[in-house]
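# Observations on the model geometry
These are the residues of each chain, in order.
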Amino acid sequence: MLIKHLNKLQKKHALPIGIFSKLPKLLLITINNDCNLRCAHCDWLKGQFANTDNYLETYEWEIFLDNFSKKSGLGEKILVISGKEPLVDEKSRQKLVQVIGTARKDGFMAGFITNGTRFDMLVNEHPEFQADFIDISIEGTRKINDLQRGQGCWEKAMTGALLAQEMAPTVFISTTLTAINIKNIPEHLKAMSNRGFKNFVFHSLIPGEPVENGLKTQDSNILNFLEKVGQIQKKIVSSQMILDFYPESFDDFPEIIRTIQSFKPRFFVDKYIVAELDANFYIRFINTPQTLTTSLLFSPEGHLVDPFEIRDQSYLKENMPVHVRNFESWPKENPYQQKIIELIENIPEVCFNQDCFKFCLGQNKFCPLTRKKGG
Ligand code: SF4
């Protein structure tokens, strides 16, 4: 039902081919709720660093992945394991290794996101372990990184990033853009590129995230970032550079799009809706129907996180009734498909106008256009 509905929408509005054709295929599993760091910009609700006994066991995730894999038949499937920090302790590391191993056997492209500071422990405990990709968080040059992540973290994360290159064919250096590091990015990129890293992913903070106001970037900072990084990107050896973009505010979104369009992007759909700027520089627009329909995010306890709750900042367990264990009917029916359809049906026509940014698809409740229309 959902696919049919989306295909109709695609034809009606001449959206890029394949925009909604394969869903959902990205599984993001958080395996714990604990971390050895306390970064200033941490994107999880503050004060919720604690392990519990209720986490799903390794074998339960493996059963789920097997079922998902057999039933989905959806082509490429991606598994990303995160936590707060998935390498925080021996139990988590063991779980990560086993779940990723099973996922790869089941045909997933599987990898994980880590702060990198305990990577040496992973290598010592599991020297044979291999993943398809690893994403290591480094926030800037040594001084800037350690300001955000804590003294000595840059050194440890760099060691981790170098070790990761032996463990996966693709290693991303991942950076969250904040008011502290955004001006330092060109220097950071050059330094990382000189050390042989070629894949970079940047994330803007999710609007409304409970981080200190002093850390938040403005849309104007992102515009500046795009210009500067676009120039630098041409001078360094880079395979992929990606900006995962949640605009801080949609008030000047048209200006952001105009700036992006000055790069003469090609819009297409891969794992997300993507604007390809020149020379392997991509912007992925997160929080669009494409993301909602192609991604499933699970809590360490096995609850499927309601994508609408994420947007409302209230993704607590009591708001997540769907659990891995009662997920047998999937993928015939995504538990949230009715909500997704309702959301898509409520997208005002104006959002499909070329003068607007059609890939936002009217989802942002602060959009001035939809507000004017009473949306
Ligand atoms: S490493 Fe990640 S989870 Fe840990 S404190 Fe930093 S941002 Fe939060």
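As a starting point, this report considers the structure included with it.

The rules behind the values
Residues numbered from 1 in each chain as written. Predicted model: local features only at pLDDT ≥ 70, side-chain atom pairs only at ≥ 80, totals over all residues. Helix = DSSP H or I, 4+ residues; strand = E, 2+ residues; numbered from the N terminus. Buried ≥ 20, exposed ≤ 12 C-beta atoms within 10 Å, placed from the backbone. Contact = placed C-beta atoms within 7 Å. Expected span 1.5 Å × (residues − 1). Arc of directions from axis to C-beta. Near = placed C-beta within 6 Å. Nonpolar A, V, L, I, M, F, W, Y, C, P; charged D, E, K, R; others polar. Core = buried A, V, L, I, M, F, W, Y, C linked by C-beta atoms within 7 Å. Pairing = 2+ DSSP bridges. Axes fitted to C-alpha atoms, helices over the stretch in contact; angles between N-to-C directions. Parallel < 35°, antiparallel > 145°, perpendicular 65-115°, else oblique. Left-handed = near helix turned anticlockwise from the far one by under 90°.

Each helix and strand in the protein chain was counted, giving 13 helices and 11 strands. Per-residue burial for the protein chain yields a buried fraction of 38% across its 375 residues. Partitioning the intrachain contacts of the protein chain with sequence separation of at least 6 by distance along the chain shows that 71% fall at a separation of at least 24.

Turning our attention to helix 6 (residues 153–167). Helix length check: helix 6, at 15 residues, gives a terminal C-alpha distance of 21 Å against a target of 21 Å (1.5 Å per residue), a fit within 8%. Of all the residues in helix 6, the buried ones are Cys153, Trp154, Ala157, Met158, Gly160, Ala161, Ala164 and Met167. Projected down its long axis, helix 6 shows its buried positions confined to an angular sector of 165°, all on one face. At its buried positions, helix 6 is contacted by helix 4 (119–125), strand 4 (133–137), helix 5 (142–149) and strand 5 (170–177).

Within the structure, the ligand sits among 9 residues, and Cys35, Cys39, Cys42, Lys84 and Asn115 are positioned closest to it. The class makeup of the residues in the shell around the ligand is 5 nonpolar, 1 polar and 3 charged.

Attention shifts here to the nonpolar core. Generally speaking, soluble globular proteins have nonpolar side chains that are buried together. Ranked by internal contacts, the top residues of the largest apolar core, which has 61 residues, are Leu79, Ile81, Ile100, Phe112, Ile136, Ala161 and Ile173. Considering each element in turn, this core owes the most residues, 7 residues, to helix 6. Ignoring anything within four residues of it in the chain, the contact list for Phe112 reads Val80, Ile81, Ser82, Pro86, Leu96, Ile100, Ala131 and Ile134.

Further remarks concern the pairing of strand 5. With 7 of 8 residues buried, strand 5 lies mostly within the body of the structure. By the bridge criterion, 5 bridges tie strand 4 to strand 5 in an arrangement that is parallel. Note on strand 5: the bridge partner recorded for Ile134 is Val171. Relative to strand 6 (residues 199–204), strand 5 is paired through 6 bridges, and the arrangement is parallel. In the sheet register, Thr176 faces strand 6, and the bridge partner there is His203.

Below, the discussion takes up the packing of helix 7 (residues 185–194) against helix 8 (residues 219–235). In contact at an axis separation of 10 Å, helix 7 and helix 8 are set at 25° when each is read in the N-to-C sense. Judged by the angle between their axes, helix 7 and helix 8 are roughly parallel. As for how helix 7 packs across helix 8, the hand of that crossing is right-handed. Along the contact surface, helix 7 presents Ile185, Pro186, Leu189 and Lys190, while helix 8 presents Phe225, Lys228, Val229 and Ile232. Residues that form the contact of helix 7 with helix 8 fall into these classes: 6 nonpolar, no polar and 2 charged.

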